[in-house]
Structures are given as C-alpha cells and as structure tokens.
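Listed here are the chains, written in short residue letters.
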There are 2 protein chains.
Amino acid sequence: MKTISENRAFGGVQGVYSHASTATGTEMTFGLFLPVEAETGAVPVLWYLSGLTCTHENAMVKAGAQRWAAELGIALVFPDTSPRGDGVANDAAFDLGQGAGFYVNATQSPWSPHFRMWDYVTEELPRVLFNAFPIAEEAQAITGHSMGGHGALTIAMSFPGRFASVSAFAPICNPTASDWGRKQFTAYLGPDEAGWAPHDASLLMKKRGFDGPMLIDQGTADQFIDLLKPESLATAMTEHRQGGSFRMQKGYDHSYFFVSTFMEEHMAFHAAALHA
Amino acid sequence: MKTISENRAFGGVQGVYSHASTATGTEMTFGLFLPVEAETGAVPVLWYLSGLTCTHENAMVKAGAQRWAAELGIALVFPDTSPRGDGVANDAAFDLGQGAGFYVNATQSPWSPHFRMWDYVTEELPRVLFNAFPIAEEAQAITGHSMGGHGALTIAMSFPGRFASVSAFAPICNPTASDWGRKQFTAYLGPDEAGWAPHDASLLMKKRGFDGPMLIDQGTADQFIDLLKPESLATAMTEHRQGGSFRMQKGYDHSYFFVSTFMEEHMAFHAAALHA
C-alpha cells in the first residue's frame, strides 16, 4: 500500500492511500480519516460511498464529516467509485464507465475485466483496511450519496449483520425502473433483468429490508429527483414495516451543500448505532 | 449582477454571483452565504479572503464555515483572489498574476489596468453587497487563509472601526521580508519598498495594531511556514501589546483540513465580537 498524503485534521489524520487491487486489476485509491482514538485502539468505521463522477476525494473535502467523526471517535472510509486508468474501459457519458461503477460486478464486455466494484467494496477493501489500520470490524456502518446511496443501501441489505446502521443522501432508489440504472445494468450486467434485482434498493427492501436503523434524506428541489425515485423506496420501507426515517428536506438540491447540511445528523445517527 | 447559482445549505442559501467591476475592469465572481435570518432582516457578515491559486469557490466548498455561520446567524462573503480573463495579465508562476492578487492596487505594467484588489475588496464589493443583500454594514468581521490572511490583517488594520474582529489561518505575516511578498510587491508596486509597508501585517502591527480582538492559527507542520514568517507577527503583536491570541497548532499543515479544523473556533470568536 502506498501513502499518497496524510494531513492532520480535527485532531486525527486524513489519509489518502492506494493499493494494487485484485478485484479490479488496477491501482485503487481511497481516503481514510482516523480520529485520535485510533492511536490507542480500534475504532468504529463509517463507509461513505460516493456518486457519479466522484473520486475518493469529493466527499473527503466537501461533506464536512470529519468534524463529527472526530467528536464521535469514528473512522471514515472514502472508496473511489470505479477502476481507472488507460487500460480500463470507459464511455463518453458521465454516467457510465470510469467514475460510474454503480457498485456491481460487471459480467459484460468491455466492462467485466475491471468493473468489479461490488467485490472491491464488500470484500477486498474491508480486508485491506482491517489488516492495515486500527479499525474495528465488528463496528461498521455505511452511507452514501446518489449512486453511492444506492451502493450503501444494496450492500447493507445484502450483508445482514455486517452493518449496525445504514443511511443515504438522495440515493438512487429504484435503478431497475430508472434511466440511472437500466442503462448501466444493461451495459454491466446484460439484458436479463433477473440479474438486476439484487442491485435495486426498493426491490431488496420489499424482499428482506435491513435489520437495523435506516435514515434517508432527500431534497425536494433535487434536480435529479425523477431519476432517483424516492417514492419507490419510501413505499417499500413503509410496506415492509422497515424501522427508519425517510425525510424530504424542503428546498434542498442534489449538491454537497445538501449533503454537508445533514451530515451532522447522519453521523450522530450512526454513532448511536455503533456505540450501542 | 448575475446569479450563477444558489443552493440551499444549512437552512440558508449559498449563492454565487458575478458583476462588472469598476475597480478591476473585469467581471468578478463572489460567493455569499446568507443564513435564514437574512430573510427577515440584515445580518452580520464575515469576510473570508482566500489564498494563492484559489477562486471564490475553494473556501466555499472546503472550509466548512456555513455550518457555524448558520448557527450564529452570520453571512459569509468569499471574494475571488484576482481579476481573471483573456485580457488580463498573467504569469506562468502560481504565485503571481491571476489567482494571486495579493490584495493590493498594482501601479506597475502590465498589472495596473486590472489588479486593483485592494479597492475591489475594501470599497467596491462592500457597496455591491450592502446595496443588494440584507447585510449589516455596521457588523463586519474579516478572516482569511495564507495570502488571504495577509489581506485580512492588512485591511483590518487599515480601516480602524470597520471590523469588529480579525482572524487568520496561516497568514503571510511579513511579506516585505519573504519571497511570498517581495516578488509580488516588486511586480505590482515597483521597487520602492516604502510603498510596500502598508501591505505588511507585521509592520502595520508595530505601527498601529488592531482596535479589537485578533486570533491567529498557524500549523507547526505547515510546509510554507518559512515563507509565512509567523514569528514576525507574533513578535509584533506582543511588542505592540495587541490584544489577541497567536496559536501554534501542533502537527497541522497548510491545507484546508487545517482551516476547517479550526473554523468552528474562528466563527465563535467573530460571533462574540459581532453580537457584542
């Protein structure tokens, strides 16, 4: 593993590291904030999965999460959103290819050799982290924004018992019924829609839900709201009797100003579950 | 004035606007955060002056100030750091020309036609703000980072009574004795060093100081600390018996991780002065 940078922040360290990934066959970069408590023992961790076009860096510098992570003694992990590099397939559109991995394992050409973000985020990167840093494997929570909210929700529901809590900011809620989903799943997973269902938060919610607290924030002025389909997840949550909150935030859009506004409450929400 | 963008943030609005500037002869862009209290009346304002290479945007998205400004009912203004555009002189170095205005009025060719950031920040932009937004002219404070800390300190000391408080993050403290200063003052102001003194915070501190509270934070691991010369300002502050705090923050560098870490305390410091 290589250290790209380490900056002192809020009494802890905001690091950026890279490593050769077996899952993606590329060098992968991630951000990791460790609070001061990590100097003396293992700390709980919150995964933050980012949205379309983002790298590991966007949330790390714009979401304002470190302030609260430091106060609560929680580590933050910021994975990249796709494999990258000259030998990696790409597309001219911002919502397919590099920066748009959608947290799935691609089975279709030309994506299948490298676009294995499901395995990367759920298997490989956790092992890298637990081996190299003082992070408590038994105290994990997960959140994300937009495409990353989709990732957080689908991963949380697919690994019962792994995450104490899940939250999302303006998540893609129903990708099998949206142009943010159908296009990418067709490209990455192929035309058989049966293979798409494990990657649709609303379908997973109807089928199994999440065994823990859940918090969703969605801005009413979100310019992408028709693609996100919050109504599908809100309906599924209530029909499934899922414990949790689905909050429509009046006047907020899809930007990091929205994310940072509610970050404090999401961090407190996860801290309550992690320290329980 | 043109509205570039407006995003709801922390209950208020983070706007970006541009206007034709008489001072610089260019279109100038600035960021303005208005807390919800601005919907019903004029609010106090904190000026944030940015450092080398920055636009109006860097601090707006990375300093994390809106959270505290919203809680305290204070507006935030983020001016650009220089004139910009095809017709504006520039230099290949990052520390001269566009993005490096140094908050002076240039008298030398080729800079003098547009590089008039002193007049822009101290005269023109205040008038634009007070005319167009619910901001209380009698309740102003000022801060900045690096070159912007230099700007904040020199402006605060040059306009007695205008600012209730001044603070700075890793400011350029003694530009007349540093390569971050001598190079730029020679280019913008010419070789006569007598003209430089009004733009040196340590010299201004020796001569007159600031009639109000002052707060300086400087990281001990700052990679530019030899250029910033914090010892010159600390010495001048103590010799002048200036009320205020000069804090050396162990292990912190020059990045926005440092700025955002101490933003909460700077905002509380200014709020105490503004609401006094």
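Refer to the structure above for everything that follows.
Computed from a prediction, not measured in an experiment: that's the story for all the values here.

About the cut-offs
- Residues numbered from 1 in each chain as written.
- Chains lettered and ligands numbered in written order.
- Predicted model: local features only at pLDDT ≥ 70, side-chain atom pairs only at ≥ 80, totals over all residues.
- Heavy atoms only, no water.
- Axes fitted to C-alpha atoms, helices over the stretch in contact; angles between N-to-C directions.
- Helix = DSSP H or I, 4+ residues; strand = E, 2+ residues; numbered from the N terminus.
- Parallel < 35°, antiparallel > 145°, perpendicular 65-115°, else oblique.
- Left-handed = near helix turned anticlockwise from the far one by under 90°.
- Contact = heavy atoms within 4.5 Å.
- Nonpolar A, V, L, I, M, F, W, Y, C, P; charged D, E, K, R; others polar.
- Buried area = accessible area lost by both parts, 1.4 Å probe.
- Salt bridge = Lys/Arg side-chain N within 4 Å of Asp/Glu carboxyl O.
- Polar contact = N/O pair within 3.5 Å; in protein donor to acceptor, adjacent residues only side chain to side chain.
- Pairing = 2+ DSSP bridges.
- Phe/Tyr/Trp six-rings, centres within 6.5 Å; stacked < 30°, edge-to-face > 60°.
- Buried < 20%, exposed > 50% of the residue type's maximum accessible area, 1.4 Å probe, protein only.
- Core = buried A, V, L, I, M, F, W, Y, C linked by side-chain atoms within 4.5 Å.

Looking now at the packing of helix 3 (residues 117–132) of chain B against helix 4 (residues 147–158) of chain B. All names here are of chain B. Running from amino to carboxyl end, helix 3 crosses helix 4 at an angle of 55 degrees, the nearest separation of the two axes being 12 Å. As far as their axial angle goes, helix 4 and helix 3 are oblique. With respect to the hand of their crossing, helix 3 and helix 4 are arranged in right-handed fashion. Two secondary-structure elements touch here, helix 3 through Trp118, Val121 and Thr122 and helix 4 through Thr154, Ile155 and Ser158. For the contact of helix 3 with helix 4, a count of residues per class yields three nonpolar, three polar and no charged.

Attention now moves to the interface of chain B and chain A. At the junction of the two partners, chain B supplies 23 residues and chain A supplies 23 residues. Taken over both partners, the interface formed by chain B and chain A buries close to 1,800 Å², and the fraction arising from carbon and sulfur atoms is 57%. Per-residue buried area on chain B facing chain A is highest for Arg8(B), Phe10(B) and Phe257(B); these three make up 36% of the total on that side. For the interface between chain B and chain A, the tally reads two salt bridges. Between Glu264(B) and Arg67(A) there is a salt bridge, with its nearest N and O atoms 2.6 Å apart. For the interface between chain B and chain A, the tally reads 10 residue pairs in polar contact (both at pLDDT 80 or more). Those elements giving two or more residues to the side of chain B that touches chain A turn out to be strand 1 (2–9), helix 1 (57–62), helix 2 (66–72) and helix 9 (256–274) of chain B. If one sorts the elements of the side of chain B that touches chain A by residue count, helix 9 of chain B sits on top with five residues.

The subject of this paragraph is the sheet that holds strand 6 (residues 135–144) of chain A. All names here are of chain A. Read from one edge to the other, the open sheet built from nine strands follows the order 1-2-3-5-4-6-7-8-9, with strand pairing classed as mixed. Lying at the two open borders of the sheet, with one neighbouring strand each, are strand 1 (2–9) and strand 9 (245–249). Strand-to-strand twist across the sheet, computed as the mean angle between neighbouring axes with direction ignored, equals 20 degrees. Sheet analysis places strand 6 next to strand 7 (residues 163–169), joined by two bridges and oriented parallel. Pairing of Ile142 across the sheet is with Val166, part of strand 7. Contacts from helix 9 (residues 256–274) reach strand 4 (43–49), strand 5 (75–79), strand 6, strand 7, strand 8 (214–219) and strand 9 within the one sheet, and its direction differs from that of strand 7 by about 165 degrees.

Let us look at the packing of aromatic side chains. Residues and elements named next belong to chain B. Summed over the entire model, instances satisfying the criterion amount to 29 aromatic pairs over all chains. The interplanar angle of 50 degrees and the centroid separation of 5.9 Å between the aromatic rings of Tyr48 and Phe78 together place this pair among those described as tilted. Of this pair, Tyr48 sits in strand 4 (residues 43–49) while Phe78 sits in strand 5 (residues 75–79); the two residues are 30 residues apart in sequence, bridging distant segments of the chain. Considered together, Tyr48 and Phe78 belong to a single accessibility category, that of buried residues.

Among the nonpolar cores identified, the biggest contains 188 residues, and Leu32(A), Tyr188(A), Leu32(B) and Tyr188(B) are the most heavily contacted of them. In this view, Leu32(A) contacts Val13(A), Gln14(A), Gly15(A), Tyr17(A), Ala75(A), Leu76(A), Val77(A), Leu129(A), Phe133(A) and Ile135(A); residues no more than four positions away in its chain are not counted.

All names here are of chain B. Within the secondary structure, Gln14 sits in strand 2 (residues 12–20). On the accessibility criterion, Gln14 (0% relative accessible area) is buried. Here the side chain of Gln14 touches Gln66 through a polar contact of 2.9 Å, side chain to side chain.

This part is about the environment of Thr176(A). Residue and element names in this part refer to chain A. Turning to its location among the elements, Thr176 is positioned in the loop between strand 7 and helix 5 (179–189). When its relative accessible area of 13% is taken as the criterion, Thr176 is described as buried. With 54 residues separating them in the primary sequence, Thr176 and Thr122 have C-alpha atoms 21 Å apart. Beyond its immediate stretch of four places on either side in the chain, Thr176 contacts Arg182, Phe185, Trp196, Asp200 and Leu203. There is a polar contact of 2.8 Å between the side chain of Thr176 and the side chain of Asp200.

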